[in-house]
Amino acid sequence: SLVVCVYPGATPTGVEMVACHASGANNRGWLLDFGRNAGARRQCGLYFFGLNGGAGVQLTGSDFTVGAAYAIAICVKADKSVRYSVNSAAVQTIAALSGTYVPPTSGDTYDLGSTRAFVPLASYYPLTSALIGEVRTYSTEISDADLVARTQSGDPRAFDDLVRKYSPRLYGLV
């Protein structure tokens, strides 16, 4: 999961890197950008190495307004679907992406507003159209063992998560 808060001051004239944890030379990781869609330069885009046939994903409805604070929360689910919300608006979903994601390694570059991870790719530019307020990344996958332990300690939400996760299989057996 990723949460990004920026203050846009201009419309990008090209593809500007907002954040990434990747190695462009080794084709692994992810990146978040503005300006990928020439017809909607204020729209946010995502790229995951190994997914979606090498094409980026445009987040429809994620356009920013110049001069207004902008916050986007993005979650990539285990089934490879993407859920996102801009400025606390309704959550939108992109169907599961095809392919096998190639995650970054701990030695790969984690960057904000820079293209260091993509030196061989001349099509990316440093972020100049917005000031970054904050970027946070989260690993939100919780193991079954953790859910069981939380359920045993009385957390009803953990029990609900287990029921949601396994009820389709149980109903299939019945």
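Procedures and definitions
- Residues numbered from 1 in each chain as written.
- Predicted model: local features only at pLDDT ≥ 70, side-chain atom pairs only at ≥ 80, totals over all residues.
- Heavy atoms only, no water.
- Pairing = 2+ DSSP bridges.
- Helix = DSSP H or I, 4+ residues; strand = E, 2+ residues; numbered from the N terminus.
- Axes fitted to C-alpha atoms, helices over the stretch in contact; angles between N-to-C directions.
- Patch = residues over 30% accessible without salt bridge, like charges linked within 9 Å, V, L, I, M, F, W, Y side chains within 5 Å.
- Areas by Shrake-Rupley, 256 points an atom, 1.4 Å probe, with all protein chains shown as cover.
- Salt bridge = Lys/Arg side-chain N within 4 Å of Asp/Glu carboxyl O.
- Contact = heavy atoms within 4.5 Å.
- Phe/Tyr/Trp six-rings, centres within 6.5 Å; stacked < 30°, edge-to-face > 60°.
- Core = buried A, V, L, I, M, F, W, Y, C linked by side-chain atoms within 4.5 Å.
- Buried < 20%, exposed > 50% of the residue type's maximum accessible area, 1.4 Å probe, protein only.

1. Points about the pairing of strand S6 (residues 70-76)
Bridge count between strand S1 (residues 2-8) and S6: five bridges; the pairing is antiparallel. Along S6, the bridge assignment pairs Cys5 with Ala71. With five bridges joining them, S6 and strand S7 (residues 82-86) adopt antiparallel strand pairing. Counterpart to Ala73 in the pairing with S7 is Ser85.

2. Concerning the sheet that holds S6
If you walk across this open sheet you meet the five strands as S8-S7-S6-S1-S11, and the pairing is antiparallel. Of all the strands in the sheet, just strand S8 (92-94) and strand S11 (130-137) have a single pairing partner and so form its edges. Shown here is a sheet whose adjacent strand axes are inclined to one another by a mean of 20 degrees, direction ignored. Two strands pair when backbone bridges link them, and S1 and S11 are joined in this way by seven bridges, in the antiparallel orientation. Within S11, the residue paired with Leu2 across the bridge is Thr137.

3. As for a nonpolar patch on the surface
Taken together, the side chains of Tyr110, Leu112 and Ile132 present a nonpolar region at the surface, about 230 Å² in accessible area. Structurally, the position occupied by Leu112 is in strand S9 (residues 109-112).

4. Observations concerning the side chain of Ser62
By secondary structure assignment, the location of Ser62 is in the loop between strand S5 (57-58) and S6. Ignoring any residue separated from it by four or fewer positions in sequence, one finds Ser62 in contact with Arg42, Gln43, Cys44, Tyr70, Ile72 and Val86.

5. Some details on the packing of aromatic side chains
Scanning the entire structure with this criterion turns up six aromatic pairs. Each ring, one from Phe34 and one from Tyr70, has its centre 5.8 Å from the other, and the planes form 70 degrees; the classification is edge-to-face. Placement of the pair is Phe34 in strand S3 (residues 28-34) and Tyr70 in strand S6, with a sequence separation of 36 residues. Arranged with centres 5.0 Å apart and planes meeting at 85 degrees, the rings of Tyr47 and Phe49 form a pair that is edge-to-face. Connected via pairs of aromatic rings, a cluster forms that spans Phe34, Phe64 and Tyr70.

6. Structural notes on the environment of Ala158
Position of Ala158 among the secondary structure elements: in helix H2 (residues 156-173). Through-space distance from the C-alpha of Ala158 to that of Val148 is 7.3 Å; in sequence the pair is 10 residues apart.

7. Focus on the nonpolar core
Ranked by size, the top nonpolar core spans 26 residues in total, and within it Leu32, Leu59, Ile72, Ile74 and Val82 carry the most contacts. Every element with two or more residues in this core is listed here: S1, strand S2 (15-23), S3, strand S4 (44-48), S6, S7 and S11. Within the second largest apolar cluster, eight residues are counted, among which are Val15, Cys20, Ala22 and Tyr47.

8. Examining the pattern of salt bridges
Summed over all chains, the structure comprises three salt bridges. The partner of Arg36 in a salt bridge is Asp33, and the shortest N-O contact between them spans 2.5 Å. Exposure remark for Arg36: the relative accessible area of 24% places this residue in the partly exposed category. Taking relative accessible area as the criterion, Asp33 reaches 0% and is therefore assigned buried. With a shortest N-O distance of 2.3 Å, Glu134 and Arg136 are connected by a salt bridge. For Arg136, a relative accessible area of 44% corresponds to the partly exposed category.

9. Some points on the environment of Tyr101
Mapping Tyr101 onto the fold places it in the loop between S8 and S9. Excluding residues that lie within four positions of it along the chain, Tyr101 makes contacts with Gly29, Trp30, Phe48, Phe49 and Leu51.

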